[in-house]
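# Understanding the architecture of this molecule
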Protein chains: 2
Amino acid sequence: MNPIQDLQQRIDDAFGRIQFPAHPADLYDPITYTLGLGGKRLRPLLVLSSCQMFGGDTSDAINPAIGIELFHNFTLLHDDIMDEAPLRRGKETVYKKWNSNVAILAGDTMFAIANKFMLRTRSQAISQVVELFNQTAIEVCEGQQYDMDYEKRQDITIAEYIEMIRLKTAVLLAASLKTGAIIAGAGAADCDYIYQFGINIGLAFQLKDDLLDVFGIQEKFGKVSGGDIIAGKKTYLYLKVLESAGQHGEYFRKLYASHDMESSEKVTKVKEIFNQMNIEQHTRKLIDEYYQKALNELSCISLSSEATDSLKEYTEGLMEREN
Amino acid sequence: MNPIQDLQQRIDDAFGRIQFPAHPADLYDPITYTLGLGGKRLRPLLVLSSCQMFGGDTSDAINPAIGIELFHNFTLLHDDIMDEAPLRRGKETVYKKWNSNVAILAGDTMFAIANKFMLRTRSQAISQVVELFNQTAIEVCEGQQYDMDYEKRQDITIAEYIEMIRLKTAVLLAASLKTGAIIAGAGAADCDYIYQFGINIGLAFQLKDDLLDVFGIQEKFGKVSGGDIIAGKKTYLYLKVLESAGQHGEYFRKLYASHDMESSEKVTKVKEIFNQMNIEQHTRKLIDEYYQKALNELSCISLSSEATDSLKEYTEGLMEREN
């Protein structure tokens, strides 16, 4: 097993050991169900590998790592209510399988349980870890609010979109990395560098998600290509067209917002415009800019480049996916 | 100003100083609105007076006191969605004034902010304070779930009802008191006594609420008498009738669940049965039992009776209200 696989195994084992009470069933069954849906467990992996990179004891980091994943799953539970999402990882969402009230309350409980997990670390690190965790939670909520606000607004700038995905997605990846660093006892400057690495990696990941939704290689059983286009989601790709099209953007705006035509026809038409305007290339360029910024932050850390290699390789692997 | 009024003033001042960001407006406006609705601020007062009673510095306790009140208001925000409550303290609830999504997300944010406030205390107390806070949060969620479960069940026992109100109401009052004690550096036994005092006071308060809803002296602009009866809420009074009536309870069960007749007629009929079965006396007796248990716990605390007098007088005042 390579170091990353080893950490992944430890995270899976730790999740396997979590036991929730049997009652009240409508509170704890949805939590068990949600965690059973799996997921990449990316955030706990970032906590542990950052802790390891800075020479910390990963046993001090495993509980906060779980806490962050519990928090992430709680946000999905509540987001699915707000977004009226019927499916999550191919299975019914909690609010569909049970109801909204169950999803609200199970989510609240997960957030409280997450906070308890955050406390189980080196006593000198507790205050900083829990402060960062809850500050990040606030920012994630802000990101979700902006995301919902932007559904209704027609004048979103690219800068506003980037700020929204920074809050909604990047800060939690950054906080995961910084949590590992704090627990390892890294210095303030290094904590800041690894946090900024996380922000830039997070932005690159989200933009890559936006890109692959349209230009990804379709998996056999994967997502339908163009889901964002069908839903009319205002992604970077969409905003980049409008930015470049100027006043000629009205046709595109209407096309993108439309729900009148066949999905596949809409996707084809929108992709044509994306192609005409080199949107894929623009997006890949921006992704690479954020990725280079991330690597630059990583290189500022007061560790040998060998020490940072494992994290670098891991994130590179995630960046290279094309589906 | 007496000591309690002095603490109340400090709590009001501290709330007055809280400033939330302006954006996103749909996230922070509902929080400001909710806190602006006021309330007795009972829980922060319990934090501060317990801290003071155990000889602690109340400046160490003011932020956790605010954190607990923020948490309490967050639970009301989410409960109002689940209970479809249109009004709270005479004003529109957040989910009515905005919508459910706003109420969900503003609530989540308040819980995160509350956790940040909990951290701002003596460094030696942080871990215990935050652990207790989140454990209590979990229990409050369990209480809310049982409350919703019991709406659908016909076979609730009095013991189950008491356990539900313990979780939904009493544990937060108990945790408020214990938080003050922890911050003051009280010993483990005293922390436990003050917690049990809080549990018993909390049960007595909730039963008094149940009682006053039916038998309270009506205020000029107060709540409508018999709101629980009209809603068919399964309170102690209701369960006590069923317990005593045995198999003859079916008529009462149907009457209580009915939504067919005029509200005032339903209230009158239910009250007649309450009167026939001495339910008011039974309830007052149980309230007094919990109150005496509470005082007994208080007397076990390793402080002079003079030291505990202020808290005793304050809770006595709350117990004596008849509207």
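Scroll up a little and you will see the structure.
Here goes a summary of the coordinates provided.

Attention now goes to the environment of lysine 208 of chain A. Residues and elements named next belong to chain A. Assignment of secondary structure puts lysine 208 in helix H9 (residues 188–215). Along the backbone, lysine 208 and methionine 319 are 111 residues apart, and their C-alpha atoms lie at a distance of 7.7 Å. Among residues more than four places away in sequence, those in contact with lysine 208 are Arg284, Ile287, Met319, Glu320, Arg321 and Glu322.

The first and last C-alpha atoms of helix H1 (residues 3–17) of chain B sit 21 Å apart over 15 residues, in line with the 21 Å expected at 1.5 Å per residue. In the core, the buried residues of H1 of chain B are packed alongside helix H2 (25–36), helix H3 (42–53), helix H4 (62–82) and helix H15 (305–320) of chain B.

Our focus in this paragraph is the interface of chain B and chain A. If you look at the interface, chain B gives 37 residues, while chain A gives 37 residues. Of the roughly 3300 Å² buried between chain B and chain A, counting both surfaces, carbon and sulfur atoms make up 68%. Summed over the three residues of chain B that lose the most area to chain A, namely Leu105, Lys116 and Gln145 of chain B, the buried surface amounts to 16% of that side. Linking chain B to chain A there are two salt bridges. One salt bridge connects glutamate 131 of chain A with lysine 116 of chain B, and the closest N-O pair in it is separated by 3.8 Å. Breaking the side of chain B that touches chain A down by element, the ones donating at least two residues are H2, H4, helix H6 (100–119) and helix H7 (126–152) of chain B. Of the residues that constitute the side of chain B that touches chain A, the class distribution is 20 nonpolar, 10 polar and seven charged.

Residues and elements named next belong to chain A. With respect to the secondary-structure elements, threonine 235 resides in the loop between helix H10 (227–231) and helix H11 (236–245). Overall, the relative accessible area of 3% leaves threonine 235 in the buried class. Those residues in contact with threonine 235 that sit more than four places away from it in its chain are Tyr161, Asp210, Asp228 and Tyr256.

Okay, the pattern of salt bridges next. Throughout the structure, instances matching the rule amount to 32 salt bridges over all chains. Note that glutamate 69 of chain B is salt-bridged to arginine 41 of chain B, the shortest N-O span being 3.2 Å. Placement of the pair is glutamate 69 of chain B in helix H4 and arginine 41 of chain B in the loop between H2 and H3, with a sequence separation of 28 residues. Across this residue pair, the class does not change: glutamate 69 of chain B and arginine 41 of chain B are buried. Of the charged contacts in the structure, one is a salt bridge between aspartate 147 of chain B and lysine 233 of chain B, with a shortest N-O distance of 3.0 Å. Here lysine 233 of chain B lies in the loop between helix H10 (227–231) and helix H11 (236–245) and aspartate 147 of chain B lies in helix H7, a separation of 86 residues in the sequence. By relative accessible area, which is 8% here, aspartate 147 of chain B ends up buried. It is possible to trace a salt-bridge network through shared partners that takes in Lys208, Glu280, Arg284 and Glu322 of chain A.

Attention now moves to unusual backbone geometry. Excluding glycine, a negative phi dihedral is what most residues carry, and trans is how most peptide bonds are arranged. All names here are of chain A. The residue after histidine 23, namely proline 24, is reached through a cis peptide bond having omega -5 degrees. Structurally, the position occupied by proline 24 is in the loop between helix H1 (3–17) and helix H2 (25–36). Although it is not a glycine, asparagine 278 adopts a positive phi angle of roughly 55 degrees. Tracing the backbone shows asparagine 278 in the loop between helix H13 (263–276) and helix H14 (279–300). For asparagine 278, a relative accessible area of 40% corresponds to the partly exposed category.

Rules used in this analysis
- Residues numbered from 1 in each chain as written.
- Chains lettered and ligands numbered in written order.
- Predicted model: local features only at pLDDT ≥ 70, side-chain atom pairs only at ≥ 80, totals over all residues.
- Heavy atoms only, no water.
- Helix = DSSP H or I, 4+ residues; strand = E, 2+ residues; numbered from the N terminus.
- Contact = heavy atoms within 4.5 Å.
- Expected span 1.5 Å × (residues − 1).
- Buried area = accessible area lost by both parts, 1.4 Å probe.
- Salt bridge = Lys/Arg side-chain N within 4 Å of Asp/Glu carboxyl O.
- Nonpolar A, V, L, I, M, F, W, Y, C, P; charged D, E, K, R; others polar.
- Buried < 20%, exposed > 50% of the residue type's maximum accessible area, 1.4 Å probe, protein only.

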